[in-house]
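Architecture and fold: a report
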Amino acid sequence: MDILRGERLKGLAPEAINFISSISHDEPLIKPVIMINQAHMIMLIEYGLVKREYGIECLKALESIPLDLKLDPKLEDVHMNIESLVIKKLGEEIGGQLNLGKSRNDQVATAIRMVLRDYILDIISNLIKLCKTLIQRCEEHLETIMPGYTHLQHAQPVTLAHHLLAYCEALLRDGYRLRDSYKRINLSPMGAAALATTGLNIDRNLVASLLGFDGLIRNSIDAVSSRDFAVEVISNLSLLMMNLSRLAEELILWSTYEFGIVEIPDEYASTSSIMPQKKNAVVAEMIRSKTSIIYGDLIASLSILKSLPYSYNLDLQDLTPRIWNACNIALTSLMVMDGMMKGVKFNVNRLKDLIKNDMLLATDLADYLTQKFGISFRIAHRIIGALVRRAIENGKTLSEVVGDLSKFIEEITGLKVNVPINELKDVLNVEKAVEIRKVIGGPSSFEVIKMMDYYKSEINGLENWVLECKSKLERSFTLLHNKIALLRGVGS
Ligand code: ARG
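All of the points below concern the structure found in this document. These figures come from a predicted structure and were not determined experimentally.

1. Quick look at the overall build of the protein chain
When you go through the protein chain residue by residue, the secondary structure sums to 20 helices and six strands. Computed over its C-alpha atoms, the radius of gyration of the protein chain comes to 31 Å, more than 25% above the 23 Å expected for a compact globule of 492 residues. The principal-axis extents of the C-alpha atoms in the protein chain amount to approximately 105 × 50 × 40 Å. Out of the 492 residues belonging to the protein chain, those deemed buried represent 50%. Of the contacts formed within the protein chain by residues at least 6 apart in sequence, a portion of 77% connects residues at least 24 apart. Of the roughly 23,600 Å² that the protein chain leaves accessible, carbon and sulfur atoms contribute 54%. Charge centroids of the protein chain, computed over 57 positive and 60 negative side chains, lie 1 Å from each other.

2. Topic: the nonpolar core
Formed by 122 residues in total, the largest nonpolar core has its most connected members in L237, M337 and M341. With 18 residues, the top contributor of residues to this core is helix α6 (residues 104-140). When near neighbours in sequence (up to four residues on either side) are disregarded, L237 contacts I123, L178, I294, A326, C327 and A330. Listed in part, the 30 residues of the second largest apolar core include I383, L387, V419 and A433.

3. Let's talk about the layout of surface pockets
Here the largest pocket defines a volume of roughly 560 Å³. A class-by-class count of the residues in the lining of the largest pocket yields eleven nonpolar, six polar and five charged.

4. Let's talk about the pairing of strand β2 (residues 153-159)
Examined bridge by bridge, strand β1 (residues 145-150) and β2 share six bridges and lie antiparallel to one another. Within β2, the residue paired with Y149 across the bridge is H154. Between β1 and β2, which pair antiparallel one after the other, the connecting turn spans two residues, and H151 there sits at a positive phi close to 55°.

5. Observations concerning the site of the ligand
Close contacts around the ligand come from S22, D77, H79, R104, N105, V108, Y312 and Q317, and that covers them all. In this structure, a nitrogen atom belonging to the ligand sits 3.1 Å away from a side-chain N or O atom of S22. One of the side-chain nitrogen or oxygen atoms of N105 is found 2.9 Å away from a nitrogen atom of the ligand. If the ligand stood free it would expose 350 Å²; the protein chains cover 84% of that surface. It is α6 that contributes the most residues to the shell around the ligand, three residues altogether.

6. Concerning helix α2 (residues 30-46)
In this model, α2 (17 residues) spans 25 Å end to end at C-alpha, consistent with the 24 Å of a helix rising 1.5 Å per residue. G48 sits one or two residues past α2 and shows a positive phi near 65°.

7. Quick word on unusual backbone geometry
With omega at 5°, the peptide bond leading from Y310 into S311 counts as cis. Not every positive phi belongs to a glycine, and E76 is a case in point at roughly 70°. Overall, the relative accessible area of 17% leaves E76 in the buried class. The phi dihedral of A193 falls on the positive side, at around 55°, and the residue is not glycine. Mapped onto the elements of the fold, A193 is located in the loop between β3 (187-188) and α8 (204-210). Residue classification places A193 among the buried positions, given a relative accessible area of 7%.

8. Considering empty space enclosed by the protein
The full count for this structure, using the stated rule, is two cavities of 30 Å³ or more. Of the voids in this model, the largest cavity is the one considered here, and its volume is about 40 Å³. N37, H79, M80, E83, L98, N99, K102, R104 and Q107 together form the lining of the largest cavity. Ranked by the residues each element gives to the lining of the largest cavity, the list is headed by helix α4 (residues 78-90), at three residues.

9. Brief notes about the packing of aromatic side chains
Summed over all chains, the structure comprises four aromatic pairs. For the pair Y182 and W465, a centre-to-centre distance of 5.2 Å together with 85° between the ring planes defines the contact as edge-to-face. Here Y182 is found in helix α7 (residues 160-185), whereas its partner W465 is found in helix α20 (residues 445-491), with 283 residues between them in sequence. Owing to a relative accessible area of 16%, W465 belongs among the buried residues under this scheme. Directly above the aromatic system of F229 lies the positively charged group of R113, at a separation of 3.8 Å from the ring centroid. It is R117 that lies over the ring of F213; its NZ or CZ is 4.7 Å from the centre.

10. Here's the deal with helix α17 (residues 405-413)
Within the span of α17, buried status applies to L405, F408 and I409. Here the buried residues of α17 occupy an arc of 105° about the axis, which is enough to place them on one side. Taken together, the buried residues of α17 touch α14 (362-373), α15 (377-393), α16 (398-401) and α18 (421-427). One or two positions beyond α17, positive phi appears at G414, with a value near 80°.

11. Considering the packing of α6 against helix α10 (residues 228-254)
One can describe the packing of α6 onto α10 by two numbers: an axis separation of 11 Å at closest approach and a directional angle of 20°. Overall, the two elements α6 and α10 adopt an arrangement that is roughly parallel. Crossing handedness for the pair α6 and α10: left-handed. Contacts from A109, I112, R113, L116, I120, I123, L127 and L130 in α6 reach F229, A230, V233, L237, L240 and L244 in α10. For the contact of α6 with α10, the class distribution of residues is 13 nonpolar, no polar and one charged.

Thresholds, definitions, all that
- Residues numbered from 1 in each chain as written.
- Predicted model: local features only at pLDDT ≥ 70, side-chain atom pairs only at ≥ 80, totals over all residues.
- Heavy atoms only, no water.
- Helix = DSSP H or I, 4+ residues; strand = E, 2+ residues; numbered from the N terminus.
- Rg over C-alpha atoms; globule rule 2.2 N^0.38 Å.
- Buried < 20%, exposed > 50% of the residue type's maximum accessible area, 1.4 Å probe, protein only.
- Contact = heavy atoms within 4.5 Å.
- Areas by Shrake-Rupley, 256 points an atom, 1.4 Å probe, with all protein chains shown as cover.
- Lys, Arg positive; Asp, Glu negative; His and termini not counted.
- Charge placed at Lys NZ, Arg CZ, Asp CG, Glu CD.
- Core = buried A, V, L, I, M, F, W, Y, C linked by side-chain atoms within 4.5 Å.
- 1 Å grid on protein atoms, 1.4 Å probe; cavity = no way out; pocket = protein on both sides within 12 Å on 5 of 7 lines; lining within 4 Å.
- Points joined across faces, edges and corners; volume = space filled by probe spheres on them.
- Nonpolar A, V, L, I, M, F, W, Y, C, P; charged D, E, K, R; others polar.
- Pairing = 2+ DSSP bridges.
- Near = heavy atom within 4 Å.
- Polar contact = N/O pair within 3.5 Å; in protein donor to acceptor, adjacent residues only side chain to side chain.
- Expected span 1.5 Å × (residues − 1).
- Phe/Tyr/Trp six-rings, centres within 6.5 Å; stacked < 30°, edge-to-face > 60°.
- Lys NZ or Arg CZ within 6 Å of the ring centre and 35° of its normal.
- Arc of directions from axis to C-beta.
- Axes fitted to C-alpha atoms, helices over the stretch in contact; angles between N-to-C directions.
- Parallel < 35°, antiparallel > 145°, perpendicular 65-115°, else oblique.
- Left-handed = near helix turned anticlockwise from the far one by under 90°.

This is the structure:
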């Protein structure tokens with residue numbers, strides 16, 4: 001017998017069965033749906049809303065459901081699958097108590113939040129691992145000078161450590177955004193029922209606390225209608241992936257023959273089926289493309305919601321797999337990126353070659369003129385611009401043409417000055433150029449070490465927050481299981 005359609009409706013059209021079913025993406029919800037049923041039943045028993053013996057039978061039946069349960073699409077979704085299992089086992093008189101004062105609408109919103117909060121903690125833990133790996137790699141390369149780029153052109157010298165730490169700071173922001181979303185995720189919709197709560201004297205707070213929630217989604221209509229918490233997460237994950245994708249893109253670019261700055265570890269590369277010389281950064285490429293997929297999940301979710309009348313509509317069901325997809329993409333991308341960053345080899349000799357191009361120090365020369373001769377920066381910029389042009393026209397480096405500097409100063413400003421060549425040598429020293437950049441956040445090793453210490457303590461804080469959340473959830477689940485055990489003990 002169809003416990004839902006019963007005497008009300010004829011059977012569903014065969015071609016509509018899979019079309020309206022959510023079982024293809026309900027698997028992650030099996031465990032939380034069982035737990036929600038348990039917590040709700042405990043509350044019904046404690047408040048005298050179901051006969052104690054009946055409730056205890058339901059709790060026993062729920063406990064016996066295997067977590068790898070094969071879901072039947074004819075029963076529409078995980079919720080009906082679980083309820084019908086219990087009814088099959090206990091009969092309608094007892095098992096039929098299960099859905100008193102609740103609905104699939106509050107149940108699915110609650111179950112999604114339970115899965116999502118675990119994903120968030122897992123994603124943040126993996127993000128922390130990647131940050132730690134980046135910092136480790138920075139420690140090896142505090143003094144590895146490289147050209148810093150703007151517009152993909154040599155700009156000013158930085159260090160590899162400074163460059164990698166930029167990703168670390170961005171990733172930390174991604175972590176904080178997710179931590180912030182957790183506050184809005186970890187609130188319970190249970191008790192909202194279909195949309196209007198119930199006339200029975202249920203206790204929403206008790207159910208919420210047994211399931212590890214920090215509070216309630218207050219308005220029952222909002223509780224079953226809203227999925228903005230999920231869009232917020234997909235949006236945060238899109239930003240995270242965007243940052244990972246930029247790192248991936250740099251690895252791809254830097255591993256080309258033309259750049260030759262990195263060698264991707266074999267474990268994260270593949271070769272060609274025809275060209276034996278090839279080593280392709282395919283893992284990084286997939287991070288780049290999966291970023292586009294996650295943007296698709298974001299747009300799909302926003303579009304599903306934008307014209308949806310309150311409260312529950314089945315359209316919401318199609319949003320759920322977008323959440324799982326986004327979370328899985330972010331999680332695996334963080335894992336492979338961590339592995340790749342652990343093993344990537346930086347070609348220090350190639351970087352040494354690249355910084356021989358002392359055009360990187362043109363700004364330093366202009367700065368020097370302002371301080372030495374009181375020339376305004378804009379005029380100094382023009383003077384050095386003329387010097388750069390002279391160097392390029394003659395195929396020379398800046399150091400090779402600095403002898404002409406006094407001449408250009410005179411031509412452009414009318415000032416007759418003598419530029420001490422020994423001081424210019426200092427200005428054109430790339431190591432010194434890095435070390436004098438001691439401004440907060442700059443590339444000098446002193447500053448980079450300070451930044452690393454700062455990130456380390458931030459990471460530590462984030463790590464502790466994850467641990468606290470996990471132990472808080474554990475405490476609630478222990479309470480839930482103790483209550484079940486106690487009732488079963490009393491009842492049997
Ligand atoms: N399978 C549904 C979902 O994933 C559960 C809620 C169905 N509610 C309903 N009234 N048909 O959203």
